[in-house]
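If you want the building blocks of each chain, they are given just below.
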Amino acid sequence: QELLRVMRTIDDRIVHELNTTIPTASFVGKIDASQTSKELYQSLMEAHTSRERIIKSCIAQTSSVVKTLREEREKAQDDLALLKQLRKEQTKLKLMQSELNVEEVVNDRSWKVLS
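All figures in this text were calculated on a predicted structure; none of them were measured in a lab.

Along its length, the protein carries five helices and zero strands. Secondary structure elements in the protein, listed N-terminal to C-terminal, are α-α-α-α-α. With 115 residues in all, the protein has 28% of them scored as buried. Considering only residue pairs separated by 6 or more positions, the protein has 75% of its internal contacts joining residues 24 or more positions apart. Of the roughly 8,100 Å² of accessible surface on the protein, a fraction of 55% belongs to carbon and sulfur atoms.

Laid out in structure tokens, this is it:
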């Protein structure tokens, strides 16, 4: 979650980035607005792709752990420590899955601002 927070900085600062990217009337000839806008667009695309890849990787990894723990739980149903670990991993998995929804909201907001 901390990594995602840091990686979402570009989205959190999109308005500031646009304000510094698009030149005022006095700087129109000195700055290539289309090039800087294109670079901002590319940075945003890379950030979104990277975050989605990381979230999905974490989900896949945790899903694997949950699957393994479920299989172990079926064999040893009286093991309370195993049940506790399974619940902990299931909670982590749900949290990561909810991050995909958060990511969608963050991305939509950024693209609307950029548009």
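Bringing the pattern of salt bridges into the picture now. Scanning the model with the defined rule gives eight salt bridges in all. A salt bridge links E99 to R8, with the shortest nitrogen-to-oxygen separation between them at 3.1 Å. One end of the pair, E99, is in helix α5 (residues 80-114); the other, R8, is in the loop between α1 (2-7) and α2 (9-12), and 91 residues separate them in sequence. R8 gets classed as buried once you look at its relative accessible area, which sits at 10%. E89 is paired through a salt bridge with K92; the nearest N and O atoms lie 3.4 Å apart. You can see E89 and its partner K92 sitting in helix α5, three residues apart, about one turn around the helix. When salt bridges with common partners are traced through the structure, they connect R8, D11, R51, E99 and E103 into a single cluster.

Negative charge collects at one region of the surface, where E71, E72, E74, D78 and D79 lie side by side. Inspection of the secondary structure assignment puts E71 in helix α4 (residues 33-75). A residue is classified by how much of its surface remains accessible, and E71, at 40% relative accessible area, is partly exposed.

We now examine the packing of aromatic side chains. Counting across every chain of the model gives one aromatic pair. Taken together, a centroid distance of 5.3 Å and an interplanar angle of 50° make the contact between Y41 and W111 tilted. One end of the pair, Y41, is in helix α4; the other, W111, is in helix α5, with 70 residues separating them in the sequence. A relative accessible area of 40% means that Y41 is categorised as partly exposed. W111 sits in the partly exposed class, given a relative accessible area of 23%.

Confidence in the prediction of the protein, expressed as mean pLDDT, is 85, and 89% of residues score 70 or more. Of all secondary-structure elements in the protein, the lowest mean pLDDT belongs to helix α3 (residues 14-21), at 74, while α5 reaches the highest, 92.

In this section: the side chain of D11. Within the element layout of this structure, D11 appears in helix α2. Overall, D11 belongs to the buried group, its relative accessible area being 0%. Among the polar contacts made by the side chain of D11, one reaches the side chain of H48 at a distance of 2.7 Å. Every residue in contact with D11, bar those within four places of it in the chain, is listed here: L44, H48, R51, V106, N107, R109 and S110.

Each value, and the rule that gives it
Residues numbered from 1 in each chain as written. Predicted model: local features only at pLDDT ≥ 70, side-chain atom pairs only at ≥ 80, totals over all residues. Heavy atoms only, no water. Helix = DSSP H or I, 4+ residues; strand = E, 2+ residues; numbered from the N terminus. Buried < 20%, exposed > 50% of the residue type's maximum accessible area, 1.4 Å probe, protein only. Contact = heavy atoms within 4.5 Å. Areas by Shrake-Rupley, 256 points an atom, 1.4 Å probe, with all protein chains shown as cover. Salt bridge = Lys/Arg side-chain N within 4 Å of Asp/Glu carboxyl O. Patch = residues over 30% accessible without salt bridge, like charges linked within 9 Å, V, L, I, M, F, W, Y side chains within 5 Å. Lys, Arg positive; Asp, Glu negative; His and termini not counted. Charge placed at Lys NZ, Arg CZ, Asp CG, Glu CD. Phe/Tyr/Trp six-rings, centres within 6.5 Å; stacked < 30°, edge-to-face > 60°. pLDDT = per-residue confidence, 0-100. Polar contact = N/O pair within 3.5 Å; in protein donor to acceptor, adjacent residues only side chain to side chain.

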